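Working through the structure, step by step
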Amino acid sequence: MPAHIENYLPRANLLQGRVILVSGAGAGIGAEAARTCARFGATVVLVGRTQKKLEAVYDAIVAAGGPQPAIFVMDFAKAQGDDYQNLHDGLEQEFGRLDGLLNNASVLGARSPIEHHDIKTWLETIHINLNAPFILTKTLLPLLHKSADASIVFTSSGVGRKGKAFWGAYAVSKFGTEGLMQTLADELTDIRVNCINPGATRTAMRKAAYPGEDPNRLKTPAEIMAPYLYLLGPDSKGLTGRSIDCQ
Ligand SMILES: NC(=O)c1ccc[n+]([C@@H]2O[C@H](COP(=O)([O-])OP(=O)(O)OC[C@H]3O[C@@H](n4cnc5c(N)ncnc54)[C@H](OP(=O)(O)O)[C@@H]3O)[C@@H](O)[C@H]2O)c1
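Now for a look at the structure at hand. (Residues numbered from 1 in each chain as written. Predicted model: local features only at pLDDT ≥ 70, side-chain atom pairs only at ≥ 80, totals over all residues. Heavy atoms only, no water.)

Time to look at the nonpolar core. Of all hydrophobic cores here, the largest spans 36 residues; its most connected members are Leu21, Phe76, Leu140, Leu144 and Ile152. At the level of secondary structure, the elements contributing two or more residues to this core comprise β1 (19-23), β2 (43-48), α3 (81-94), α4 (119-145), β5 (150-155), α5 (168-187) and β6 (191-197). Per-element accounting of this core gives the leading share, nine residues, to α4. Setting aside its immediate chain neighbours within four residues, leucine 21 contacts Val45, Val47, Leu87, Leu91, Leu98, Gly100, Leu101, Leu102, Leu136 and Leu140. Residues Ala25, Ile29, Phe40 and Ile61 belong to the second largest nonpolar core, which totals 34 residues. (Core = buried A, V, L, I, M, F, W, Y, C linked by side-chain atoms within 4.5 Å. Buried < 20%, exposed > 50% of the residue type's maximum accessible area, 1.4 Å probe, protein only. Helix = DSSP H or I, 4+ residues; strand = E, 2+ residues; numbered from the N terminus. Contact = heavy atoms within 4.5 Å.)

Turning our eyes to something else, we now look at the pairing of β5. In summary, the side chains of a regular strand alternate between the two faces of the sheet. Most of β5 is tucked away: six of the six residues are buried. Covered by surrounding structure in β5 are Ala150, Ile152 and Phe154 together with Ser151, Val153 and Thr155, the residues of both alternating faces. In terms of strand pairing, strand β4 (residues 100-103) meets β5 through four bridges, oriented parallel. Across the sheet, leucine 101 pairs through a bridge with isoleucine 152, a residue of β5. Crossover handedness for the path β4 to α4 to β5: right-handed. The pairing of β5 with β6 spans six bridges and is classified as parallel. Pairing of valine 153 across the sheet is with asparagine 194, part of β6. After leaving β5, the chain enters α5 and then returns to the sheet as β6, a path that is right-handed. (Pairing = 2+ DSSP bridges. Right-handed = clockwise from strand over helix to strand, strands pointing away.)

Running from N to C, helix α1 (residues 28-39) and helix α2 (residues 51-63) cross one another at 25 degrees; their axes reach a closest spacing of 10 Å. The pairing of α1 with α2 is recorded here as roughly parallel in orientation. Where α1 crosses over α2, the two elements pack in a sense that is right-handed. Across the interface between the two elements, Ala31, Ala34, Arg35 and Ala38 from α1 touch Val57, Ala60 and Ile61 from α2. Here the contact of α1 with α2 is composed, by residue class, of six nonpolar, no polar and one charged. (Axes fitted to C-alpha atoms, helices over the stretch in contact; angles between N-to-C directions. Parallel < 35°, antiparallel > 145°, perpendicular 65-115°, else oblique. Left-handed = near helix turned anticlockwise from the far one by under 90°. Nonpolar A, V, L, I, M, F, W, Y, C, P; charged D, E, K, R; others polar.)

If you trace the backbone, asparagine 216 turns up in the loop between α6 (204-209) and α7 (225-232). We classify asparagine 216 as exposed; its relative accessible area is 59%. Residues asparagine 216 and arginine 202 lie 14 residues apart in sequence; the distance between their C-alpha atoms is 7.7 Å.

For the coordinates displayed, the defined rule picks out four aromatic pairs. Ring geometry for tyrosine 8 versus tyrosine 230: centroids 5.1 Å apart, planes at 70 degrees, classification edge-to-face. A residue pair is termed long-range when its members are at least 10 positions apart, and tyrosine 8 in the segment before β1 and tyrosine 230 in helix α7 qualify at 222 residues. Each member of the pair, tyrosine 8 together with tyrosine 230, is buried. Through successive ring pairs, a cluster of aromatic residues spans Trp167, Tyr170 and Tyr210. The positively charged end of arginine 111 is found above the aromatic ring belonging to tryptophan 167, 4.0 Å away from the centroid. (Phe/Tyr/Trp six-rings, centres within 6.5 Å; stacked < 30°, edge-to-face > 60°. Lys NZ or Arg CZ within 6 Å of the ring centre and 35° of its normal.)

Okay, here's the thing in structure tokens:
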């Protein structure tokens, strides 16, 4: 791993020929990751809950001359086993394999003390942030095994490593994500599995968590893309079970 991963310099065709799925690809870091992967040559599978947002990312990729992406609209709060299987079957038919899986979609849930945490919000936050990446990854593993160099990336957070007051189900879901990543990394020999922690980044989620903060002091999603490219591309071959900070 480069000593300063945030300064990793990817070559222009780094992801050429790769098929990479990005969840939560319609906004924030996921939208930027999707556009960036396409710019470096990947065919990107855009997964998210809001069709219009996914279409805007699709249009931007095509307008920039990137490989034609695919769109799968999926709400992880509601999706059932069949929906995940349909996604698997669609990808199998279209591409026959998957080279990269970026589990990025998440919700902030409630900023609340555990004592007063709304139970329904707790369950939904854990479901979207932890259960859904498990189901998505588990369902797509057969396609990842078919790749010559597959990489799975889960998205963590600083509050997923050290408990912090009032971060509630979001923090617990990210602790779970770290555990899921480590368990899977220990089980798989042909696929690398890592976590990425974006750090404070200028998105709608960050704004909701820190409404009083000046967003101009934060890195933009575009400014934290180097570690994403490193983990999803061939240069991270052999690196697994790690939790990487973008900042
Ligand atoms: N921004 C930060 O400072 C920061 C720091 C640490 C970790 N992270 C992590 O980085 C990742 C991206 O965060 P972000 O800041 O880019 O957040 P964001 O701007 O709120 O974007 C989240 C994305 O997830 C999608 N999503 C949410 N619920 C979904 C559901 N039920 N089904 C399908 N898609 C769903 C959203 O879709 P819609 O747009 O359609 O709602 C959106 O595209 C998250 O895992 C977050 O926990 C962010």
